[in-house]
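# Architecture and fold: a report
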Amino acid sequence: MTFNISGFTHIGTVRHINQDRISVQHHIASDGFCDVERLDACCCFVADGIGGNPAGDVTLVEFFDYNCPYCRRVAPTVVELEETDPELRVVYKEFPILGEESLLASRFATSALLIGGSDAYGPLHDAMMTMRGNATPDNLVALADGLGLDGDAILNGTADPRVDAIISDNHALAQRLQ
């Protein structure tokens, strides 16, 4: 089986991801961004959503946009990988590139992470990847409320300067990895 996740081609089992991770490490190290031993410090910040095993020995970093049809199509595969490999850690990088609706969705999810941690972010992220309709403030608040989160507080949290800083950091990292 061959599939592509966030620009990395993976063949066969989840263990093959480790080879792609090594090539990313070498790319980062050769670019002077960080050394190989500090990959986790470069790609896994406190403000990232983490799926799978947070202490896993294999890390998959996914840059995504909630409005990207490819990202939405691959989301169930990423969830399946998390469920089938107990050593896989998935680092979710909010990466809105498809307009204002994408930016609002990423701000909303990042705000949820800052307010409620992974317990809030994980279910909200999964729901947003399968959400029908536009990512409007009303739809996002209703979605969060339906998950037992405080949608209004999350929406208000989108104005926190840390939210935009996290998203900007993700864009800067993506630029460095090109």
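Structure's up top.
A short tour of the structure in this document, coming up. These figures come from a predicted structure and were not determined experimentally.

## What to know about the overall build of the protein chain
Secondary structure assignment for the protein chain yields seven helices and five strands. Looking at the protein chain as shown, the accessible area adds up to about 8,800 Å², and 54% of this sits on carbon and sulfur atoms.

## As for helix H4 (residues 100-130)
Along its 31 residues, H4 runs just 19 Å from first to last C-alpha, ending more than 12% under the 45 Å computed at 1.5 Å per residue. At Gly117, H4 is deflected by roughly 140 degrees, the largest bend along its length.

## Concerning the side chain of Thr110
Counting through the fold element by element, Thr110 comes out in helix H4. A relative accessible area of 1% places Thr110 in the buried class. Contacts of Thr110, omitting those with residues within four sequence positions, involve Glu94, Val163, Ile166 and Ile167.

## Looking at the packing of helix H3 (residues 69-84) against H4
The contact between H3 and H4 brings their axes to 9 Å, and the two run at 140 degrees. When the axis of H3 is compared with that of H4, the two are oblique. In this structure, H3 crosses over H4, and the sense of that crossing is left-handed. Between H3 and H4, the residues in contact are Cys71, Arg72, Ala75 and Val79 and Asp126, Met128, Met129 and Thr130, respectively. Taken together, the residues of the contact of H3 with H4 sort by class into five nonpolar, one polar and two charged.

## Here we look at the sheet that holds strand E3 (residues 49-52)
Here three strands make up an open sheet; going across it, the order is E3-E5-E4 and the pairing mixed. Where the open sheet ends on each side, the last strands, each with one partner, are E3 and strand E4 (58-64). On average, adjacent strands in this sheet sit at an angle of 25 degrees to one another, irrespective of strand direction. Strand direction decides the pairing type here: E4 and strand E5 (residues 88-94), joined by seven bridges, are parallel. The residue bridging Leu60 from the neighbouring strand is Val90, located in E5. Of the strands in this sheet, E3, E4 and E5 touch H4, which is tilted by about 105 degrees from E5.

## Here we look at the nonpolar core
Ranked by internal contacts, the top residues of the largest apolar core, which has 30 residues, are Phe64, Tyr66, Phe108, Tyr121, Leu124, Met128 and Leu140. Counting residues per element, the ones that place at least two in this core are E4, H3, E5, H4 and helix H5 (137-146). Per element, the largest residue contribution to this core is eleven residues, and it comes from H4. Leu124 has contacts with Phe108, Ala109, Ala112, Leu143, Ala144, Leu147 and Leu149, leaving out every residue within four places of it along the chain. One finds Val61, Val91, Leu173 and Ala174 within the second-largest nonpolar core, a separate group that totals six residues.

## Topic: the pairing of E4
Among the seven residues of E4, seven are classified as buried, and the element is accordingly described as predominantly covered. By the alternation rule, side chains of E4 split into Val58, Leu60, Glu62 and Phe64 and Thr59, Val61 and Phe63, which are all buried. Note on the crossover from E4 through H3 to E5: the handedness is right-handed.

Cut-offs and rules
- Residues numbered from 1 in each chain as written.
- Predicted model: local features only at pLDDT ≥ 70, side-chain atom pairs only at ≥ 80, totals over all residues.
- Heavy atoms only, no water.
- Helix = DSSP H or I, 4+ residues; strand = E, 2+ residues; numbered from the N terminus.
- Areas by Shrake-Rupley, 256 points an atom, 1.4 Å probe, with all protein chains shown as cover.
- Expected span 1.5 Å × (residues − 1).
- Bend = angle between axes of the 7 residues up to and from the residue.
- Buried < 20%, exposed > 50% of the residue type's maximum accessible area, 1.4 Å probe, protein only.
- Contact = heavy atoms within 4.5 Å.
- Axes fitted to C-alpha atoms, helices over the stretch in contact; angles between N-to-C directions.
- Parallel < 35°, antiparallel > 145°, perpendicular 65-115°, else oblique.
- Left-handed = near helix turned anticlockwise from the far one by under 90°.
- Nonpolar A, V, L, I, M, F, W, Y, C, P; charged D, E, K, R; others polar.
- Pairing = 2+ DSSP bridges.
- Core = buried A, V, L, I, M, F, W, Y, C linked by side-chain atoms within 4.5 Å.
- Right-handed = clockwise from strand over helix to strand, strands pointing away.

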